[in-house]
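Listed below, chain by chain, are the residues.
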Amino acid sequence: MTGLSQMLPSSLYSSAGPSYASLLAAPRSDEMMAFAHQSTLAQKFKMGGGNLMLAAPAERSKIKLYSPEFYGVCAVGGMLSCGLTHTAVTPLDVVKCNMQIDPKKYKSIAGGFSLTAKEAGLGGLVKGWVPTLLGYSIQGAGKFGLYEFFKHYYSELAGHENAAKYQTVLFLAGSASAEFFADVGLCPFEAVKVKVQTSPGFAKGLADGMPKFIQQEGVAGLWKGLTPLWGRQIPYTMMKFACFENTVQALYKYVVPKPKEQCSNNEKLGVSFAAGYIAGIFCAVVSHPADNMVSKLNSSKDATIGSIIKDMGWFNLFTRGLPLRIVMIGTLTGLQWGIYDAFKVYVGLPTTGAAAPPTEPAK
């Protein structure tokens, strides 16, 4: 009997349930099969207080931080957060771009909405949504996925002590590096989007707009606005990530009445949205001149950086369309961080911020 007992799974020797000695002694194999089936069911259901309750599902497999799977998950979260939010605010983007291109015609936010709807119908307010969705999904995947990669990479280069001491520098360096590559994927779609939104009759969307754009300006023309796009997006993203991470820390330190570890997931996501909105306001201000530049360059084939500055003047370059962009980018950035962190929570990862990136001391 001892030898047979050693060959059976140890789970059969739990103290819970009926005596197993009689079962082992039973000559009929179908009785053992029946009991094994009952044991399996017992693991799926628990008896508590006389009520039959489903047992808790098996814990989702842990995703190892800074593994390829981790970076892939962050890229998917970034794709969702940027693609969905930018597409959702397409009407604001249409009005903003037209105010930047033709301020004499589109004199105010309300007037811009009214005039666009009057001339092009309600469909005119969502022109360019397809290149927006695809372009910013690609950009979001690179922005968030590569940010997590570069932040960790630079932390390891700096060493444990310096990474904790100069974490804001790491936030800035990591986000700038990520955005540099992310914008290469965004640029062609941004060029077509602006052209569709600001040039009446040019095209209905991406399907007819991309071939027509290439026919007129060549393939290289899709990246004509890359340098000013970097000028807009890199400062924006540096502010977006560094301000967000530091704001999260400040909120948990001075505003939230309990440590992050004691907060519910909903409370953590509320902090993420609030910190994201605050960061978005600063993002809009620092990146707005380049945003005006990108809109002008992509709307006119002959436009140059020098001619745009001469035409607009420095004051208008910094201020034209800024109030609408603050509303748009503040909301956008808050939602992006909310969606990104919600996705991370869904897959079993912690929300972003409130602690220095974990880095092992050099051995």
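The structure presented is a predicted model; accordingly, all values stated were derived computationally and were not measured. (Residues numbered from 1 in each chain as written. Predicted model: local features only at pLDDT ≥ 70, side-chain atom pairs only at ≥ 80, totals over all residues. Heavy atoms only, no water.)

(A) Seen up close, the side chain of Q139. Positionally, Q139 belongs in helix α7 (residues 129–158). Given the relative accessible area of 1%, Q139 is considered buried. Once residues within four sequence positions are removed from consideration, Q139 is found in contact with C82, E179, A182, D183, L186 and Q233. (Helix = DSSP H or I, 4+ residues; strand = E, 2+ residues; numbered from the N terminus. Buried < 20%, exposed > 50% of the residue type's maximum accessible area, 1.4 Å probe, protein only. Contact = heavy atoms within 4.5 Å.)

(B) Examining the packing of aromatic side chains more closely. Summed over all chains, the structure comprises 18 aromatic pairs. Relative to Y71, the ring of F70 has its centre 5.4 Å away and its plane inclined at 65°; by these criteria the two rings are edge-to-face. With respect to class, F70 is no different from Y71; both count as buried. Judged by centre distance (4.1 Å) and plane angle (35°), the rings of Y147 and F241 are tilted. Pair noted here: Y147 is in helix α7 and F241 is in helix α11 (residues 226–255), with a separation of 94 residues, a long-range link. (Phe/Tyr/Trp six-rings, centres within 6.5 Å; stacked < 30°, edge-to-face > 60°.)

(C) Quick look at the packing of helix α9 (residues 167–198) against α11. For the pair α9 and α11, interaxial distance at closest approach is 7 Å and the crossing angle is 140°. The orientation of α9 with respect to α11, classified from their angle, is oblique. The two elements α9 and α11 meet at a crossing, and its hand is right-handed. Of the residues assigned to the contact of α9 with α11, the class counts are 14 nonpolar, seven polar and five charged. (Axes fitted to C-alpha atoms, helices over the stretch in contact; angles between N-to-C directions. Parallel < 35°, antiparallel > 145°, perpendicular 65-115°, else oblique. Left-handed = near helix turned anticlockwise from the far one by under 90°. Nonpolar A, V, L, I, M, F, W, Y, C, P; charged D, E, K, R; others polar.)

(D) Region of the structure containing a nonpolar patch on the surface. On the surface, a nonpolar cluster with roughly 310 Å² of combined accessible area is contributed by V184, I214, V219 and W223. Within the secondary structure, V219 is located in the loop between α10 (206–217) and α11. (Patch = residues over 30% accessible without salt bridge, like charges linked within 9 Å, V, L, I, M, F, W, Y side chains within 5 Å. Areas by Shrake-Rupley, 256 points an atom, 1.4 Å probe, with all protein chains shown as cover. Salt bridge = Lys/Arg side-chain N within 4 Å of Asp/Glu carboxyl O.)

(E) Structural detail: the environment of I138. With respect to the helices and strands, I138 occurs in helix α7. Overall, I138 belongs to the partly exposed group, its relative accessible area being 41%. Each C-alpha atom of the pair I138 and D183 lies 8.8 Å from the other, and the pair is 45 residues apart in sequence. Residues contacting I138, with those up to four places away along its chain left out, are G185 and F189.

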